[in-house]
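The residues making up each chain are set out below.
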Amino acid sequence: MVKALYFSYDGLLDPLGQSQIVPYVSAISAAGHSLTIVSYEKVERTREQIKLMEIKLQKIGVNWVRLEFRSGKFWALKRLISGMILIRKLCSNIQPDFMHLRGLVPAVIFQLSRSTVPSLYDFRGFALGEWLDIGKVTQSSLLYRVLNQLDRKAVNSASGLVVLEESAKRLLKETYDVPDVPLKVIRTCTDVKRYTKQKDMHNKKSSALRFVFLGGAKFPYRPDLALMLIAKLIEHGVDCNIDFINKGDRSIIEKATDLTSISKAKVRILSCEHSEIPDILATYDCGIVMVETSHWRRVCSPTKMGEYLASGLPVISLEGIDAIDELSERTECVATFSSEELLGHFQEGRAQKILSFIKSIGINQKCQTLAKNEFDLEMASNLYVELYSEMEAQILQ
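All values reported here derive from a predicted model rather than from experimental measurement. (Residues numbered from 1 in each chain as written. Predicted model: local features only at pLDDT ≥ 70, side-chain atom pairs only at ≥ 80, totals over all residues. Heavy atoms only, no water.)

A.B. asks: If you had to explain the overall build of the protein to someone new, which residues and values would you point to?
C.D. replies: Looking only at helices and strands, the protein features 16 helices and 13 strands. Its C-alpha atoms put the protein at 65 × 45 × 40 Å along the principal axes. The proportion of buried residues among the 397 residues of the protein is 53%. Across the protein, contacts joining residues at least 24 apart in sequence account for 73% of those joining residues at least 6 apart. Surface exposure of the protein reaches about 18,600 Å², of which carbon and sulfur atoms provide 51%. (Helix = DSSP H or I, 4+ residues; strand = E, 2+ residues; numbered from the N terminus. Buried < 20%, exposed > 50% of the residue type's maximum accessible area, 1.4 Å probe, protein only. Contact = heavy atoms within 4.5 Å. Areas by Shrake-Rupley, 256 points an atom, 1.4 Å probe, with all protein chains shown as cover.)

Written out as structure tokens, the structure reads:
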């Protein structure tokens, strides 16, 4: 059994925390390991939400220490300092066997804390490279140079590493001086057992095809291209509409909608709780993933892929994401488009091919089988447990 200090910049009360962190720490704790989680929680969270999560974690034997998340540059500096102080204090008091660093920001804070505990760097995506892509930092800036140095040090000194896809593993080795330590590929997965509601095509209130765009709409996500797809289908006589399930980007979606010829009645912006997603997704016919690609982003692992497939939804995606492109080549569950095709003219018969793809015989079952075989949260949890055991063996040596 190891004693680990798990550090996440994402809040456990965020949708991502509930779907991608809590299930993994539950499995790790169930395997006999001792965990203390440090996470940044938004100040808007209620006492009731916090209390319910505390009870949930206590039941699985996990300790939870919270840091405050407020937006703004001043608060960003405060988050950095408070994180450094807390991590250094906890490393001294708890004396964990290792730190589990989930992503770039925890890795940077850990480096700045100057703690000497071994670390498992859950590298995930190439966050710093993606920040360059969206202009959050510039390559010539002092901030980028400092972050790059700390990120590289975190990789070089890691006692274990996690990336999201096989292509990310190759890119990591091309980009960093990767040490000879346990390195796992653990893609973003879904608790497929929650997706039990079967699609009933016979009881649909309308014959219109229902598309869904789940999650963020800020760049690198491209709601504008999703809307272009719907507009082109409508132009070619396909009766369809689209719902965006999104809490914070309404203005972006509305602006993108205004730039199309689509009737407002064909576009809805909805919000829901994480627990409601399985039942809601089961009411749609096709899921849309539109993520702008780049040198760094092409190795990402979109969370919504597993959720769509587990719901029995075939997926239409923008090409350029390695894992999705690969699925489109070897399965019948994913179709890809280039941005040029969406912004230009459909080839003859393209709309009919999309209809045939979505309505193909047995497509829902094929998608759910693919989700079970390749996106099941239990598989990912087992890999984390396996990695913790490998880390434990290293410590004993």
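A.B. asks: Explain the pairing of strand E6 (residues 160–163) to me, using residue names and the numbers behind them.
C.D. replies: Judged by which residues are buried, E6 turns out to be covered on both faces: Gly160 and Val162 on one side and Leu161 and Val163 on the other are all buried. Pairing between strand E5 (residues 119–124) and E6: four bridges, direction parallel. Following the sheet pairing, Tyr121 is matched in E6 by Leu161. As defined by bridge partners, E6 adjoins strand E7 (residues 183–185) across three bridges and the pair is classed as parallel. For Leu161, the partnering residue across the bridge sits in E7 and is Leu183. Assessed by its sense of winding, the connection that carries the chain from E6 through helix H7 (residues 166–175) to E7 is right-handed. (Pairing = 2+ DSSP bridges. Right-handed = clockwise from strand over helix to strand, strands pointing away.)

A.B. asks: Quick one: what's the story with the sheet that holds strand E10 (residues 267–270), residue by residue and with numbers?
C.D. replies: Reading across the sheet, the six strands line up as E10-E9-E8-E11-E12-E13 and stay open at both edges, with parallel pairing between neighbours. Whereas interior strands pair on both sides, the edge strands pair on one side only; in this sheet they are E10 and strand E13 (334–337). Averaged over all pairs of adjacent strands, the angle between strand axes in this sheet comes to 25°, irrespective of strand direction. By the bridge criterion, two bridges tie strand E8 (residues 209–214) to strand E11 (residues 286–289) in an arrangement that is parallel. From the neighbouring strand, Phe211 faces E11, where its bridge partner is Cys286. (Axes fitted to C-alpha atoms, helices over the stretch in contact; angles between N-to-C directions.)

A.B. asks: Quick one: what's the story with the environment of Ile85, residue by residue and with numbers?
C.D. replies: Relative to the elements of secondary structure, Ile85 occurs in helix H3 (residues 73–94). Owing to a relative accessible area of 57%, Ile85 belongs among the exposed residues under this scheme. Taking the C-alpha atoms as reference points, Ile85 and Val162, 77 residues apart in sequence, are found 26 Å from one another.

A.B. asks: So what's going on with the sheet that holds strand E4 (residues 98–102)? Residues and values would help.
C.D. replies: The parallel open sheet is built from seven strands, whose spatial order is E3-E2-E1-E4-E5-E6-E7. Each having just a single partner strand, strand E3 (62–69) and E7 make up the two edges of the open sheet. Each adjacent strand pair in this sheet contributes to an overall mean axis angle of 15°, direction not counted. With four bridges connecting them, E4 and E5 associate as parallel partners. Across the sheet, residue Met99 finds its bridge partner in E5, namely Ser119.

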